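Secondary and tertiary structure notes
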Amino acid sequence: RLSTGALLDPSFVPADYLSERAVAAFKLSQRACLHDIEQQVIADHLTFDNGFKRSPKRVLDLINRASAYPTLKSDIPVFIGTGGQDHDVSVAQQTALVADACKAGSRIEWHLYPDLDHSGAVNGSLVDSVKFVQKAFSGENITGNCKAAGY
């Protein structure tokens, strides 16, 4: 995310914000996949508090604004599977996204898997997501389940 900040604001220099302890993980993030980065973070016992010399809040706010969806209206049906135990992407945020997309007129098929976390929802949703993809590829009309979900 800090590299994204530098793209959005060329005056932002990640090294000015990173603690010495976090430099290795940041450098790894430029070339490695998430699993390797996570392992580095764990090995270096990194936290938000010890990973920075000073708060990058200004640039993180900039990134969050730039990452916002300009519209939640999609002409293509969308499948969303939410793990009720997700600690990576808040369940409340996912639910709000679904509600907003439904209100915008998108055809959302949303399923909540109460006992699953973020990663578990991927495989846990297969019973529903595979059916969704099969319908989409066969040209079947997908209306979504916004009304059933109360949106």
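Rules behind the numbers
Residues numbered from 1 in each chain as written. Predicted model: local features only at pLDDT ≥ 70, side-chain atom pairs only at ≥ 80, totals over all residues. Heavy atoms only, no water. Helix = DSSP H or I, 4+ residues; strand = E, 2+ residues; numbered from the N terminus. Buried < 20%, exposed > 50% of the residue type's maximum accessible area, 1.4 Å probe, protein only. Polar contact = N/O pair within 3.5 Å; in protein donor to acceptor, adjacent residues only side chain to side chain. Contact = heavy atoms within 4.5 Å. Disulfide = S-S within 2.5 Å. Pairing = 2+ DSSP bridges. Right-handed = clockwise from strand over helix to strand, strands pointing away. Core = buried A, V, L, I, M, F, W, Y, C linked by side-chain atoms within 4.5 Å.

Regarding the side chain of Ser 19
- Summarising the element assignment, Ser 19 is placed in the loop between helix H1 (2–8) and helix H2 (23–29).
- For Ser 19, a relative accessible area of 10% puts it in the buried group.
- For Ser 19, the side chain forms a polar contact with the main-chain oxygen of Asn 50, separated by 2.7 Å.
- Ignoring any residue separated from it by four or fewer positions in sequence, one finds Ser 19 in contact with Asn 50, Gly 51, Phe 52 and Lys 53.

Re the state of the cysteines
- Tallied over the full model, the rule gives 1 disulfide.
- The residue that forms a disulfide with Cys 102 is Cys 146, at a sulfur-sulfur distance of 2.0 Å. Because the sign of the S-S torsion sets the handedness, a value of about -75 degrees for the bond joining Cys 102 and Cys 146 places this disulfide among the left-handed ones. Within this pair, whereas Cys 102 is found in helix H6 (residues 91–103), its partner Cys 146 is found in the segment after helix H8 (126–138), the two being separated by 44 residues in sequence. Both residues of the pair, Cys 102 and Cys 146, belong to the buried class.

Side note on the pairing of strand S2 (residues 108–113)
- Counting buried positions along S2 gives 5 out of 6 residues, so the element sits mostly inside the fold.
- Note: strand S1 (residues 78–83) against S2, 6 bridges, orientation parallel. The residue bridging Val 78 from the neighbouring strand is Ile 108, located in S2.
- After leaving S1, the chain enters H6 and then returns to the sheet as S2, a path that is right-handed.

Observations concerning the nonpolar core
- Ranked by size, the top nonpolar core spans 11 residues in total: Leu 2, Phe 12, Tyr 17, Leu 18, Ala 22, Ala 25, Phe 26, Leu 46, Val 59, Leu 60 and Ile 63.
- At the level of elements, H2 and helix H5 (57–67) are the ones that each hand at least two residues to this core.
- When residues of this core are assigned to their parent elements, the largest contribution, 3 residues, is made by H5.
- Once residues lying within four places of it in the same chain are set aside, the contact partners of Leu 2 are Phe 12, Pro 14, Leu 18, Phe 26, Phe 52, Pro 56, Val 59 and Leu 60.
- In terms of nonpolar packing, the next biggest core, distinct from the first, is built from 7 residues, Ile 80, Val 98, Cys 102 and Cys 146 among them.

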